[in-house]
Amino acid sequence: MTNQGRGLRMLKYGIACSLNETSTRSPIVLRGPIEKLCEEASSLGYQGLEIQLADPMQYDWKQIKKVCSDYHLELTAFATGRELSENGLCLLSDDAAVRRAAIQRLKEHIDCAQIAGCQVIVGSMRKHIPDQSQREKYLGYHRDAVAELADYAKDKNVRIWIENILSFISNFLNTMREVQDFVVDLGRDNVGVHLDTYSMNMEDNDIEGAYRYCASRLEYVHFSDTARFYPGAGNVDFKSHIRCLKEIDYQGFVTVEVKPFPSEAEAARRSINYMKALECVVDIENEAKKLR
């Protein structure tokens, strides 16, 4: 009997994609036109697509949403890190014009997300605090930018998700507790916490405690093993992560954000097979505990 047959709620799984060709060094699993992405993801049992993109206005999001709907797939989020890596847009730039351009581009993501019915991730676009002696100034830049974006997105029913980032990529908001505190202190009810296991594995010392601490605002999760490989190809204890998600009754998506190793198709297949198998193990163990 399956977990669904026993009445247990299963996690929802998504996959990170790009609508155009990108470097295979990037943690993007599938690349190509939306029809190809949907066919591949749906055939493997995924329920959602995360789109990692720059310049969102170049796409017809009504058509993309329709194609996803035809395949019974949900568009989960726009990941915006490519705006930094490809277009140099940074929320903490010393150049006020660059900061303003970054905010305006994220507003374009929000406009498109409203059409697509998805949310917007703000993570690596914040980059580094370049001068720690002026830390409060740069933290102010970031806080003001996110507050402005949240206010802009509110009437559009778009949520902003703040992601934990490794300290060698961004030197603040590295741990889950830091992200939770930032989100709570910001005071915007359409801003949530986005967890990434790759960053958590290096930055958080208490995984279970971090989940409990962030439970009230946790809305999105990336699964990625060490070296950004698919879950099961490295050293991350995903069984513990799944157990924690079940414990806090997490309702959102678990999206794989990994390199296409050994190939796009294999990374996608191995990821979902491993995650679903571990989830079954966790459910069986949890059910067994109830009988003791």
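What counts as what
Residues numbered from 1 in each chain as written. Predicted model: local features only at pLDDT ≥ 70, side-chain atom pairs only at ≥ 80, totals over all residues. Heavy atoms only, no water. Buried < 20%, exposed > 50% of the residue type's maximum accessible area, 1.4 Å probe, protein only. Helix = DSSP H or I, 4+ residues; strand = E, 2+ residues; numbered from the N terminus. Arc of directions from axis to C-beta. 1 Å grid on protein atoms, 1.4 Å probe; cavity = no way out; pocket = protein on both sides within 12 Å on 5 of 7 lines; lining within 4 Å. Points joined across faces, edges and corners; volume = space filled by probe spheres on them. Nonpolar A, V, L, I, M, F, W, Y, C, P; charged D, E, K, R; others polar. Salt bridge = Lys/Arg side-chain N within 4 Å of Asp/Glu carboxyl O. Polar contact = N/O pair within 3.5 Å; in protein donor to acceptor, adjacent residues only side chain to side chain. Contact = heavy atoms within 4.5 Å. Core = buried A, V, L, I, M, F, W, Y, C linked by side-chain atoms within 4.5 Å. Phe/Tyr/Trp six-rings, centres within 6.5 Å; stacked < 30°, edge-to-face > 60°. Lys NZ or Arg CZ within 6 Å of the ring centre and 35° of its normal. pLDDT = per-residue confidence, 0-100.

**Thoughts on helix α1 (residues 34-44)**
At step 1: Those residues of α1 lying buried are Ile34, Leu37, Cys38 and Ala41. Taken around the axis of α1, the buried residues stretch over an arc of 95°, which confines them to a single face. Within α1, the exposed residues directed more than 90 degrees away from the buried face are Glu39 and Ser43.
At step 2: Glycine 45 sits one or two positions beyond α1 and adopts a positive phi of about 100°.

**Describing the layout of surface pockets**
At step 1: Estimates place the volume of the largest pocket at around 710 Å³.
At step 2: Lining the largest pocket are 31 residues, with Pro27, Gly81, Ser124, Ile169 and Glu257 positioned closest to its centre.
At step 3: Contributions of two or more residues to the lining of the largest pocket are made by α3 (82-87) and α7 (197-203).
At step 4: Broken down by element, the lining of the largest pocket gets its largest block of residues, four residues, from α3.
At step 5: Looking at the lining of the largest pocket residue by residue, the classes come out as 10 nonpolar, 12 polar and nine charged.
At step 6: Empty space within the second largest pocket amounts to approximately 230 Å³.
At step 7: Arg135, Glu136, Leu139, Gly140, His142, Arg143, Phe172, Leu173, Glu178, Asp181, Phe182 and Asp185 together form the lining of the second largest pocket.
At step 8: For the lining of the second largest pocket, the secondary-structure elements that each account for two or more residues are α5 (135-154) and α6 (176-186).

**Details of the pattern of salt bridges**
At step 1: According to the stated counting rule, one finds 26 salt bridges in the structure shown.
At step 2: The partner of arginine 31 in a salt bridge is glutamate 264, and the shortest N-O contact between them spans 3.4 Å. Linking arginine 31 in strand β2 (residues 30-31) with glutamate 264 in helix α10 (residues 264-291), this pair joins segments that are 233 residues apart in sequence.
At step 3: Arginine 177 serves as the salt-bridge partner of aspartate 206, at 3.5 Å between the closest nitrogen and oxygen.

**With respect to the side chain of histidine 222**
At step 1: If you trace the backbone, histidine 222 turns up in strand β8 (residues 218-223).
At step 2: A polar atom in the side chain of histidine 222 sits 2.6 Å from the side chain of glutamate 50.
At step 3: Reaching out from histidine 222, the side chain makes a polar contact with the side chain of glutamate 163 at a distance of 3.3 Å.
At step 4: Discounting chain neighbours no more than four positions away, the residues touching histidine 222 are Glu50, Ile121, Glu163, His194, Leu195, Asp196, Thr197, Thr255 and Glu257.

**A look at the nonpolar core**
At step 1: The biggest cluster of nonpolar side chains holds 89 residues, and the ones touching the most others in it are Ile15, Leu49 and Ile162.
At step 2: Excluding residues within four positions of it along the chain, isoleucine 162 makes contact with Val122, Arg126, Val146, Leu173, Val179, Phe182, Val183, Val191, Gly192, Val193 and His194.

**What to know about the packing of aromatic side chains**
At step 1: Counting across every chain of the model gives six aromatic pairs.
At step 2: Ring geometry for tyrosine 138 and tyrosine 141: centres 5.7 Å apart, planes at 85°, overall edge-to-face. One end of the pair, tyrosine 138, and the other, tyrosine 141, are both in helix α5, three residues apart, so they sit about a helical turn from each other.
At step 3: Taking relative accessible area as the criterion, tyrosine 138 reaches 2% and is therefore assigned buried.
At step 4: A centroid spacing of 4.9 Å and a plane angle of 50° characterise the contact between phenylalanine 223 and phenylalanine 238, whose relative ring orientation is tilted. Taken as a pair, phenylalanine 223 in strand β8 and phenylalanine 238 in helix α9 (residues 238-247) lie far apart in primary sequence, 15 residues in all.
At step 5: The buried category is assigned to phenylalanine 223, whose relative accessible area is 0%.
At step 6: Its relative accessible area of 2% is what places phenylalanine 238 among the buried residues.
At step 7: Here the aromatic residues Tyr59, Trp61 and Phe78 are joined through ring pairs into a cluster of three or more.
At step 8: The ring centre of tyrosine 141 lies 3.7 Å from the NZ or CZ of arginine 99, which sits over that ring.
At step 9: Over the ring of phenylalanine 172 we find arginine 126; its NZ or CZ atom is 5.4 Å from the centre of that ring.

**What to know about the confidence of the model for the chain**
At step 1: Confidence along the chain averages 95 in pLDDT terms, with 97% of residues attaining 70 or more.
At step 2: Contacts for the low-pLDDT stretch residues 1-7, under 50 throughout, to residues beyond four places or in other chains number nine contacts.

**Some thoughts on the side chain of arginine 228**
At step 1: Structurally, arginine 228 can be placed in the loop between β8 and α9.
At step 2: Given the relative accessible area of 13%, arginine 228 is considered buried.
At step 3: Here arginine 228 is in contact with Pro27, Asp196, Tyr198, Glu257, Val258 and Lys259, once residues within four sequence places are set aside.

**Thoughts on unusual backbone geometry**
At step 1: Of note, the amide linkage connecting phenylalanine 261 to proline 262 takes the cis form, showing an omega dihedral of -5°.
At step 2: Among the secondary structure elements, proline 262 is positioned in the loop between β9 (253-256) and α10.
At step 3: Here the phi dihedral of histidine 72 falls at roughly 60°; this positive angle occurs in a residue that is not glycine.
At step 4: Position of histidine 72 among the secondary structure elements: in the loop between α2 (61-70) and β4 (74-79).

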